[in-house]
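# Chain and residue survey
The lines below spell out each chain.
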Amino acid sequence: MAKDETEAKAFLNNAADEPDAVFVRIEFYDQVDLDPANHTDLKDMGTWEWNAAHDHLMLIDPDGKSFNVRKFMTVLRHDGVPETAYEVRKIAAKDAKPELVA
């Protein structure tokens, strides 16, 4: 879980050597019970982390092609999370700032 600026920078540094890496930030408006790092359909998309407040889920997609938003949304829908309960944002990892993570 990214808790401070040091951990946030470390999380973003996971993609430092990948020119096509994408930072994905999912903001949840309600609490959800989701462990994407251990979910069979989500775990291979990249490095997943929750922020300290457990309301933003973050992913480093190393090649910019591994995150499948349709598959992600389908998993949430099957778990009973409506599409209006979260927002997905993608940004090139090289442009992501630690403030987005912490």
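The structure under discussion appears in the preceding block.
Residues numbered from 1 in each chain as written. Predicted model: local features only at pLDDT ≥ 70, side-chain atom pairs only at ≥ 80, totals over all residues. Heavy atoms only, no water.

## Let's talk about the pairing of strand β3 (residues 56–61)
The buried fraction of β3 is high, at six of six residues. Residues H56, M58 and I60 of β3 are buried on one face, and the alternating residues L57, L59 and D61, pointing to the opposite face, are buried as well. Of the strand pairs in this sheet, strand β1 (residues 22–28) and β3 are connected by six bridges, and their pairing is antiparallel. When the sheet's bridge partners are listed, V24 is paired in β3 with L59. Bridge count between strand β2 (residues 47–50) and β3: four bridges; the pairing is antiparallel. (Buried < 20%, exposed > 50% of the residue type's maximum accessible area, 1.4 Å probe, protein only. Helix = DSSP H or I, 4+ residues; strand = E, 2+ residues; numbered from the N terminus. Pairing = 2+ DSSP bridges.)

## Quick notes on helix α2 (residues 69–78)
All of the buried residues in α2 are F72, V75 and L76. Seen end-on, α2 carries its buried residues on one side only, within an arc spanning 95°. Among the exposed residues of α2, those oriented more than 90 degrees off its buried face are R70 and H78. Looking at the buried positions of α2, the neighbouring elements they touch are β1, β2, β3 and β4 (86–92). With a side-chain oxygen positioned 3.0 Å from the backbone nitrogen of R70, the residue opening α2 is N68. (Arc of directions from axis to C-beta. Contact = heavy atoms within 4.5 Å. Polar contact = N/O pair within 3.5 Å; in protein donor to acceptor, adjacent residues only side chain to side chain.)

Read these as geometric descriptors, not functional statements.
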